[in-house]
Amino acid sequence: MEYSGDGRPVPGDVPGPVRQADLVRQLAQLKQEIDQLQEAVVSHAVVDQAIGVVISLGKLSPEEGFEVLRMVSRHTNTKLRKVAGLIVNWPGGGPLPDALHKALEQALTDVRAP
């Protein structure tokens, strides 16, 4: 779109139906991207909280806590954010599946080993 010297759109260059459709499509894509970014922020926060649980449980560094989460995720074939969510809820009485609990214990042992 062209603009005149005073910042107003040049008459006759107003978006037609095709351009409006393009704008609607772009808007939908941007909304989807915003939704994905918001989900990523929440997911990142949950992972950070789970790292906190793991480092307090195992007296580990943050890097070691993250490695424990990765190991549990890998050994249980469970997405990291799901593992993190279960671990965050576990101290408050949330369920921790047996396979996940065993993988957590093993990962803590493996990370602590010299």
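Residues numbered from 1 in each chain as written. Predicted model: local features only at pLDDT ≥ 70, side-chain atom pairs only at ≥ 80, totals over all residues. Heavy atoms only, no water.

Undergrad: Got a minute to help me understand the environment of Leu104 in this structure?
TA: The topology assignment puts Leu104 in helix 4 (residues 98-112). Using a relative accessible area of 3% as the deciding quantity, one classes Leu104 as buried. Measuring from C-alpha to C-alpha, the distance between Leu104 and Val83 comes to 9.8 Å, with 21 residues separating the pair along the chain. (Helix = DSSP H or I, 4+ residues; strand = E, 2+ residues; numbered from the N terminus. Buried < 20%, exposed > 50% of the residue type's maximum accessible area, 1.4 Å probe, protein only.)

Undergrad: How should helix 4 be read in this particular structure?
TA: In this model, helix 4 (15 residues) spans 21 Å end to end at C-alpha, consistent with the 21 Å of a helix rising 1.5 Å per residue. Regarding helix 4, the residues found buried are Leu100, Ala103, Leu104, Ala107, Leu108 and Val111. Around the axis of helix 4, the buried residues are gathered within 135° of arc, so they sit on the same side. Those residues of helix 4 that are exposed and aimed more than 90 degrees away from the buried face are Asp98, Ala99 and Lys102. (Expected span 1.5 Å × (residues − 1). Arc of directions from axis to C-beta.)

Undergrad: I'm lost on the side chain of Thr78 in this one. Help?
TA: Looking at the secondary structure, you find Thr78 in the loop between helix 2 (62-76) and helix 3 (80-89). Owing to a relative accessible area of 19%, Thr78 belongs among the buried residues under this scheme. A distance of 3.0 Å separates the side chain of Thr78 from the side chain of Thr76, its partner in a polar contact. When sequence neighbours within four positions are dropped, the list of residues in contact with Thr78 reads Ser73 and Val83. (Polar contact = N/O pair within 3.5 Å; in protein donor to acceptor, adjacent residues only side chain to side chain. Contact = heavy atoms within 4.5 Å.)

Undergrad: Would you mind showing me how to read the packing of helix 2 against helix 3 here?
TA: When two helices pack together, their arrangement is given by the angle between the helix axes and the distance between those axes. With their axes 9 Å apart at the nearest point, helix 2 and helix 3 run at an angle of 115° to one another. Considering their axes alone, helix 2 and helix 3 lie roughly perpendicular with respect to each other. Considering how the two elements wind past one another, helix 2 and helix 3 form a crossing that is right-handed. For the pair helix 2 and helix 3, the contacting residues are Phe66, Leu69, Arg70, Val72, Ser73 and Thr76 in the first and Leu80, Val83 and Ile87 in the second. (Axes fitted to C-alpha atoms, helices over the stretch in contact; angles between N-to-C directions. Parallel < 35°, antiparallel > 145°, perpendicular 65-115°, else oblique. Left-handed = near helix turned anticlockwise from the far one by under 90°.)

Undergrad: Can you help me understand unusual backbone geometry in this one?
TA: Trans peptide bonds make up the majority, and among non-glycine residues the majority have a negative phi. Phi at Lys59 takes a positive value of approximately 55°, unusual for a residue other than glycine. Relative to the elements of secondary structure, Lys59 occurs in the loop between helix 1 (17-58) and helix 2. Looking at Lys59, the relative accessible area reads 77%, which means it is exposed. A positive phi angle is found at Asn77, which is not glycine, with a value near 55°. Take Asn77: it is sitting in the loop between helix 2 and helix 3. Residue Asn77 is classed as exposed on the basis of its relative accessible area of 73%.

Function cannot be inferred from these measures alone, as they are strictly geometric.
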